[in-house]
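This is what each chain is made of:
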Amino acid sequence: MELIAVCDSKTNTAPDFPMGWWSLARSHELQVGEVKSVSALDRELVLYRTRSGAVRVHDAYCPHLGANLGINGRVVGESIQCPFHGWQFGGDGACEHIPYCEDIPSRAKVNNWPATEINGEIYMWFHPTGEEPQWQVPKVDQLDDENWTAPRQVEFLVPTHVQDIAENSCDPEHFQYVHKQSETPPSSVTVEEDGAVHLRAEMNASGMPGQLHATMFQPGLATVLTSYGPGAEMIVYNSAQPYSREETLLRWTLTVRKEIADLAGDQVMNGIIDGLQDDYPIWKNKVHRKQPIFCKGDETLVLFRKWVRKFYLPTSERGVQ
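Keep in mind that what you see is a predicted model, and the values were worked out from it rather than measured.

Draft legend 1. Broad picture of the packing of aromatic side chains. According to the stated counting rule, one finds 8 aromatic pairs in the structure shown. Here the aromatic residues Trp-21, Trp-125, Trp-135, Phe-304, Trp-307 and Phe-311 are joined through ring pairs into a cluster of three or more.

This is the structure we're talking about:
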């Protein structure tokens, strides 16, 4: 006699963290000489800006006696100084100075994460085996274009894995049921020469019909461009900071063409922001299906699951889809 399986919520596990670039802060949130404690990817990190203005990201805990460099640590030139005994660590994470000892142990280093700054945000590169960055964060030209409005910035804490959030971009069917569209919008999902997933769809935002083009560069890094007509456009730039496998901070940056700023700019941006609230109850209460049962109408979801494999190690059990 076969026993009935226990509840899915007790057995289903979220995937590992995908490799890629992950947002840690807005650029304006980190001034020269400032040190921050940051949580991401199930790790505690120290984020700081050196005297030359460069951003650095290291694992937080000092190899000496375990103090958190992000709590009362301070910038000294291009290094971070431990608040406990004054050990200083350079840009590559290696200890450069111990104030009371000339001999520095060869193993005195903190793990360093490649960092970059673009689109008004600070990112760290994550690869589970420590490989160097394999691609760069694409620049979003509209965010500093004088023909577009000053960007609006919003953040959402979402209680689910970053892959499940990204999967929405390849799921046009859910717009009818979750976002109360009258029908599934005409759409197509493709993986193109740039390696990104592209969703093109007919949409209706706040009563304004338009054409939507979402480009997903990796899970947690995407742009969504909506066109309502000549000179009438909105773009949403979406980046993510996975705190853990079950909790993700989304950072959105929104801007519209100045031609529609007074006419409908706030209306369409608010409509997009409000739409996320429709997804929230689904994300909060779902389980991750590593091997979902798909039907013939789920071609775009199958495409996404095949595409997302490249962001995991082949040997990662949780990354196998």
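Draft legend 2. Main features of the nonpolar core. Residues Leu-24, Leu-45, Leu-47, Met-124, Phe-156, Leu-250 and Trp-252 are the most contacted members of the largest nonpolar core, which totals 36 residues. It is helix α4 (residues 261–285) that provides the largest number of residues to this core, a total of 5 residues. When sequence neighbours within four positions are dropped, the list of residues in contact with Leu-24 reads Val-38, Ala-40, Leu-45, Leu-47, Val-57, Ile-122, Met-124, Gln-241 and Arg-251. Listed in part, the 18 residues of the second largest apolar core include Met-19, Ala-166, Met-203 and Trp-307.

Draft legend 3. A look at the pattern of salt bridges. Tallied over the entire structure, the rule returns 15 salt bridges. Put simply, Glu-34 and Lys-36 hold a salt bridge, and the shortest N to O gap is 3.5 Å. Its relative accessible area of 26% is what places Glu-34 among the partly exposed residues. We classify Lys-36 as partly exposed; its relative accessible area is 26%. Residue Arg-43 pairs with Asp-59 through a salt bridge whose shortest N-O separation is 2.8 Å. With Arg-43 in strand β3 (residues 43–49) and Asp-59 in strand β4 (residues 55–59), this pair connects stretches of sequence that are 16 residues apart. Among the residues examined, Asp-59 registers a relative accessible area of 14% and is labelled buried.

Scoring rules and cut-offs
Residues numbered from 1 in each chain as written. Predicted model: local features only at pLDDT ≥ 70, side-chain atom pairs only at ≥ 80, totals over all residues. Heavy atoms only, no water. Phe/Tyr/Trp six-rings, centres within 6.5 Å; stacked < 30°, edge-to-face > 60°. Core = buried A, V, L, I, M, F, W, Y, C linked by side-chain atoms within 4.5 Å. Buried < 20%, exposed > 50% of the residue type's maximum accessible area, 1.4 Å probe, protein only. Helix = DSSP H or I, 4+ residues; strand = E, 2+ residues; numbered from the N terminus. Contact = heavy atoms within 4.5 Å. Salt bridge = Lys/Arg side-chain N within 4 Å of Asp/Glu carboxyl O.

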